[in-house]
Amino acid sequence: MVEKRDQQFFDAFMLLVGIFVGIIVGVILLGDLVGDGASAEAGGAHSMIEERIQPLGQVAVTGDPAPAPAPIAAAPIAVAQMPAVAAQAAAPTQAAAPAATPGSAIYAQACALCHVPPGLAGAPAFGDAASWAPRIAQGRDVLAEHVLNGYQGSTGIMPPKGGRVDLSDDDVLAAMQYMLDAVGP
Ligand code: HEC
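Predicted, not measured: the structure shown is a model, and the values here were computed from it.

Peer 1: Give me the site of the ligand: which residues, what numbers.
Peer 2: Taken together, the neighbourhood of the ligand is formed by 27 residues, with Cys 111, Cys 114, His 115, His 146 and Met 158 sitting nearest. At the level of elements, helix H5 (102-115), helix H6 (129-137), helix H7 (140-149), strand S2 (157-158) and helix H8 (169-181) are the ones that each hand at least two residues to the shell around the ligand. It is H5 that provides the largest number of residues to the shell around the ligand, a total of 4 residues. Along the lines of polarity and charge, the residues of the shell around the ligand split into 16 nonpolar, 9 polar and 2 charged.

Peer 1: Any details on the coordination of the iron atom of the ligand? Residues and values, ideally.
Peer 2: Within the first shell, the iron atom of the ligand binds the protein through His 115 (NE2) and Met 158 (SD), at distances of 2.0 Å. Taken together, the 6 donor atoms coordinating the iron atom of the ligand and their angles of 87 to 179 degrees define a geometry best described as octahedral. Linking His 115 in helix H5 with Met 158 in strand S2, this pair joins segments that are 43 residues apart in sequence. For His 115, a relative accessible area of 8% translates into the label buried.

Peer 1: So what about the packing of H5 against H8? Which residues, and what values?
Peer 2: Look at H5 against H8: their axes get within 8 Å of each other, and the N-to-C directions meet at 75 degrees. On the basis of their axis angle, the class for H5 and H8 is roughly perpendicular. In this structure, H5 contributes Gly 103, Ser 104, Ile 106, Tyr 107, Cys 111 and His 115 to the contact, and H8 contributes Asp 171, Ala 174, Ala 175, Tyr 178 and Met 179. Looking at the contact of H5 with H8, its residues break down into 7 nonpolar, 3 polar and 1 charged.

Peer 1: Tell me what's going on with the packing of H7 against H8, and back it up with residues and numbers.
Peer 2: Remark: H7 packs on H8, axes separated minimally by 10 Å, with the N-to-C direction vectors making an angle of 125 degrees. Taken together, the axes of H7 and H8 are oblique relative to one another. Crossing of H7 over H8 shows right-handed handedness. In this structure, H7 uses Arg 140, Leu 143, Ala 144, Val 147 and Leu 148 to contact H8, whose residues at the interface are Asp 169, Val 172, Leu 173, Met 176, Gln 177 and Leu 180.

Peer 1: So what's going on with a nonpolar patch on the surface? Residues and values would help.
Peer 2: Residues Phe 9, Phe 10, Phe 13, Met 14, Val 17, Val 21, Val 25 and Leu 29 make up a contiguous nonpolar surface patch of roughly 750 Å² in combined accessible area. Among the secondary structure elements, Phe 10 is positioned in helix H1 (residues 2-38).

Peer 1: Go over H8 with me, naming the residues and quoting the values.
Peer 2: With 13 residues, H8 extends 18 Å between its outermost C-alpha atoms, agreeing within 8% with the 18 Å of an ideal straight helix rising 1.5 Å per residue. Buried residues of H8: Val 172, Ala 175, Met 176, Met 179 and Leu 180, and no others. Angular distribution of buried residues about the axis of H8 spans 140 degrees; they occupy a single face of the element.

Peer 1: If you had to explain the packing of aromatic side chains to someone new, which residues and values would you point to?
Peer 2: Counted according to the given criterion, the structure contains 4 aromatic pairs. For the ring pair Phe 9 and Phe 13, a centre distance of 6.1 Å and an interplane angle of 20 degrees mean the geometry is stacked. Linking Phe 9 with Phe 13, this pair stays in helix H1, spanning 4 residues, or about one helical turn. Residue Phe 13 is classed as partly exposed on the basis of its relative accessible area, which comes to 42%. Judged by centre distance (4.7 Å) and plane angle (35 degrees), the ring pair of Tyr 107 and Phe 126 falls under tilted. Taken together, the residues Tyr 107 in helix H5 and Phe 126 in the loop between H5 and H6 connect sequence positions 19 residues apart. Among the aromatic side chains, those forming a connected cluster through ring pairs are Tyr 107, Phe 126 and Tyr 178.

Peer 1: Could you give an account of the side chain of His 146, with specific residues and numbers?
Peer 2: Summarising the element assignment, His 146 is placed in helix H7. Classification of His 146 as buried rests on a relative accessible area of 16%. With residues near it in sequence (within four places) discarded, His 146 still touches Gln 138, Tyr 151 and Met 158.

Rules behind the numbers
Residues numbered from 1 in each chain as written. Predicted model: local features only at pLDDT ≥ 70, side-chain atom pairs only at ≥ 80, totals over all residues. Heavy atoms only, no water. Near = heavy atom within 4 Å. Helix = DSSP H or I, 4+ residues; strand = E, 2+ residues; numbered from the N terminus. Nonpolar A, V, L, I, M, F, W, Y, C, P; charged D, E, K, R; others polar. Donors = N, O, S within 2.8 Å, 3.2 Å for Na, K, Ca; no water. Tetrahedral: all angles 85-135°; square planar, octahedral: opposite > 155°, others 65-115°. Buried < 20%, exposed > 50% of the residue type's maximum accessible area, 1.4 Å probe, protein only. Axes fitted to C-alpha atoms, helices over the stretch in contact; angles between N-to-C directions. Parallel < 35°, antiparallel > 145°, perpendicular 65-115°, else oblique. Contact = heavy atoms within 4.5 Å. Left-handed = near helix turned anticlockwise from the far one by under 90°. Patch = residues over 30% accessible without salt bridge, like charges linked within 9 Å, V, L, I, M, F, W, Y side chains within 5 Å. Areas by Shrake-Rupley, 256 points an atom, 1.4 Å probe, with all protein chains shown as cover. Salt bridge = Lys/Arg side-chain N within 4 Å of Asp/Glu carboxyl O. Expected span 1.5 Å × (residues − 1). Arc of directions from axis to C-beta. Phe/Tyr/Trp six-rings, centres within 6.5 Å; stacked < 30°, edge-to-face > 60°.

Quick look at the structure:
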C-alpha cells in the first residue's frame with residue numbers, strides 16, 4: 001500500500017520534472033531564436049543563419065510577380081463571361097454623366113445631408129416652398145452670405161458651405177441656386 005502510493009508520487013513527480021524540463025528547453029530555444037533576430041551582427045553561427053534565411057526571402061520576392069498577372073488576365077474573361085452585367089455597369093455611367101449638372105451634384109454631395117426633406121436640424125427642406133419663401137425674401141445676397149460663411153438662424157445652424165469648406169464659392173452657390181430653382185418660379 002505504501003509502496004503503491006510512493007510509486008504514484010514518483011510518477012507524478014517525474015511527470016512534473018518532465019514538463020519543467022520541456023518548458024526550460026522551449027524557453028532556451030525561443031530565446032535563441034529571438035536573440036538571433038535581435039543581434040544580427042556578423043557572428044559565426046549568426047551570420048550562417050542569416051545566410052540561410054536570406055535566400056528564402058529572395059524566393060518570396062521573385063515569386064511575387066508571378067501570381068500578379070493571373071487576376072489581370074482573368075478580369076477580361078470574367079467580364080466576357082457576363083456580357084449582360086458588363087452592359088448594365090456601363091449604361092448608367094453613360095446616362096448619368098450628361099444629366100448631372102454641377103449644382104445638383106454639389107447639392108447631393110454637400111447639402112442633401114441636411115436639406116433633404118423633411119430637413120434635418122432645422123434646415124429648410126428641398127422643394128418645400130413654404131419654408132423657403134421668407135428666406136428668399138431676404139434677397140439672394142443675404143442667402144449667399146449665409147451659405148458661404150454660415151450663420152445661426154431661428155431654426156438651427158447652417159455651417160459655412162454646409163461644412164464643405166473645400167468646395168469653391170462657385171460650386172456652393174451653384175448648389176444654392178439648384179435649391180432655389182426647386183422652389184422658385
Ligand atoms: C449640417 C446641416 C446643413 C448642411 C450640410 C447644409 N445646410 Fe443649409 N441650412 C442648414 C440649416 C439648419 C439652415 C437653417 C438655419 C436657420 O435659418 O435657422 C440652413 C439654411 C440654408 C439656407 C437658407 C439661408 C437663409 O438665410 O435662410 C440656404 C440657402 C442653405 N442652407 C443652403 C445650403 C447649401 C447650398 C448647402 C450645401 C453646400 C447647405 N445648405 C448645406 C443646415 C445645413
